[in-house]
Amino acid sequence: MEKMTNYKEIDPNYGELAKALSSLQLKNKSRGKNFVFVDKQGEVMVLLPLKNENEKVNKARFVSVSYNLADLGIIDHPHDLGKMIEQMRLAEKQVAA
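Residues numbered from 1 in each chain as written. Predicted model: local features only at pLDDT ≥ 70, side-chain atom pairs only at ≥ 80, totals over all residues. Heavy atoms only, no water.

Remarks on the packing of aromatic side chains
Each aromatic ring pair is summarised here by two numbers: the centre-to-centre distance and the angle between the ring planes.
Link 1 in the chain: Scanning all chains against the criterion turns up two aromatic pairs.
Link 2 in the chain: Seen from their ring centres, Phe-35 and Phe-37 are 5.1 Å apart, and the 50° between their planes marks the pair as tilted.
Link 3 in the chain: Classification of Phe-35 by relative accessible area gives buried; the value is 3%. (Phe/Tyr/Trp six-rings, centres within 6.5 Å; stacked < 30°, edge-to-face > 60°. Buried < 20%, exposed > 50% of the residue type's maximum accessible area, 1.4 Å probe, protein only.)

Written as structure tokens, this is what we have:
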């Protein structure tokens, strides 16, 4: 059985995850107590408890989301979501500098 791991132990917050999911052409349908992203056909791809955008995503949930997106073919490898967030952070630092 494959061990599920988190890319570089990256700890994204809900805002970073939402931005990455939007860049994958998933639509934010979050409401009430649910953080929800759907594909073009309206099928739920990500469902988590809704938290403040600055709150960290639970590590196990982030890993699960990453592996599910890879299994669905939305990303090529489970670590790609973490890499996307890492690249977004680097780009923001460059803009701020």
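Having put the structure on the table, let's press on.
Focus: the nonpolar core
Link 1 in the chain: Grouped together as the largest cluster of nonpolar side chains are 22 residues, with contacts concentrated most on Leu-17, Leu-21, Phe-35, Val-46, Leu-48, Leu-69 and Leu-81.
Link 2 in the chain: No other element matches helix α1 (residues 14-23), which puts five residues into this core.
Link 3 in the chain: In contact with Leu-21, other than residues within four places in its own chain, are Leu-26, Phe-35, Phe-37, Val-46, Leu-69 and Leu-81. (Core = buried A, V, L, I, M, F, W, Y, C linked by side-chain atoms within 4.5 Å. Helix = DSSP H or I, 4+ residues; strand = E, 2+ residues; numbered from the N terminus. Contact = heavy atoms within 4.5 Å.)

A word on α1
Given 3.6 residues per helical turn, the α-helix brings residues three or four places apart onto the same face.
Link 1 in the chain: Looking only at α1, the buried set comprises Tyr-14, Glu-16, Leu-17, Ala-18, Ala-20 and Leu-21.
Link 2 in the chain: Those residues of α1 that are buried lie in contact with β2 (34-38), β3 (44-49), α2 (59-71) and α3 (80-96).
Link 3 in the chain: Between a side-chain oxygen at the N-terminus of α1 and the backbone nitrogen of Gly-15 the separation is 3.0 Å; the capping residue is Asn-13. (Polar contact = N/O pair within 3.5 Å; in protein donor to acceptor, adjacent residues only side chain to side chain.)

Observations regarding the sheet that holds β2
Link 1 in the chain: Ordered by their spatial adjacency, three strands build an open sheet running β1-β2-β3, and the pairing between neighbours is antiparallel. On the outer flanks of this sheet lie β1 (27-28) and β3, each paired with one strand and no other.
Link 2 in the chain: The pairing of β1 with β2 spans two bridges and is classified as antiparallel. By the bridge assignment for β2, Asn-28 is matched with Phe-37.
Link 3 in the chain: Against the sheet, α1 touches β2 and β3, its axis set at about 15° to β2. (Pairing = 2+ DSSP bridges. Axes fitted to C-alpha atoms, helices over the stretch in contact; angles between N-to-C directions.)

Comments concerning the pattern of salt bridges
Link 1 in the chain: If you walk through the whole model with that rule in mind, you get four salt bridges.
Link 2 in the chain: The partner of Arg-89 in a salt bridge is Glu-16, and the shortest N-O contact between them spans 2.7 Å. Taken together, the positions of Arg-89 in helix α3 and Glu-16 in helix α1 put the pair 73 residues apart, joining distant regions of the chain.
Link 3 in the chain: Glu-16 sits in the buried class, given a relative accessible area of 17%.
Link 4 in the chain: For Glu-92, the salt bridge goes to Lys-19, with nearest N and O atoms at 3.2 Å. Taken together, the residues span a long stretch of sequence, with Glu-92 in helix α3 and Lys-19 in helix α1 at a distance of 73 residues.
Link 5 in the chain: By sharing partners, the salt bridges in this structure join Glu-9, Asp-11 and Lys-59 into a single network. (Salt bridge = Lys/Arg side-chain N within 4 Å of Asp/Glu carboxyl O.)

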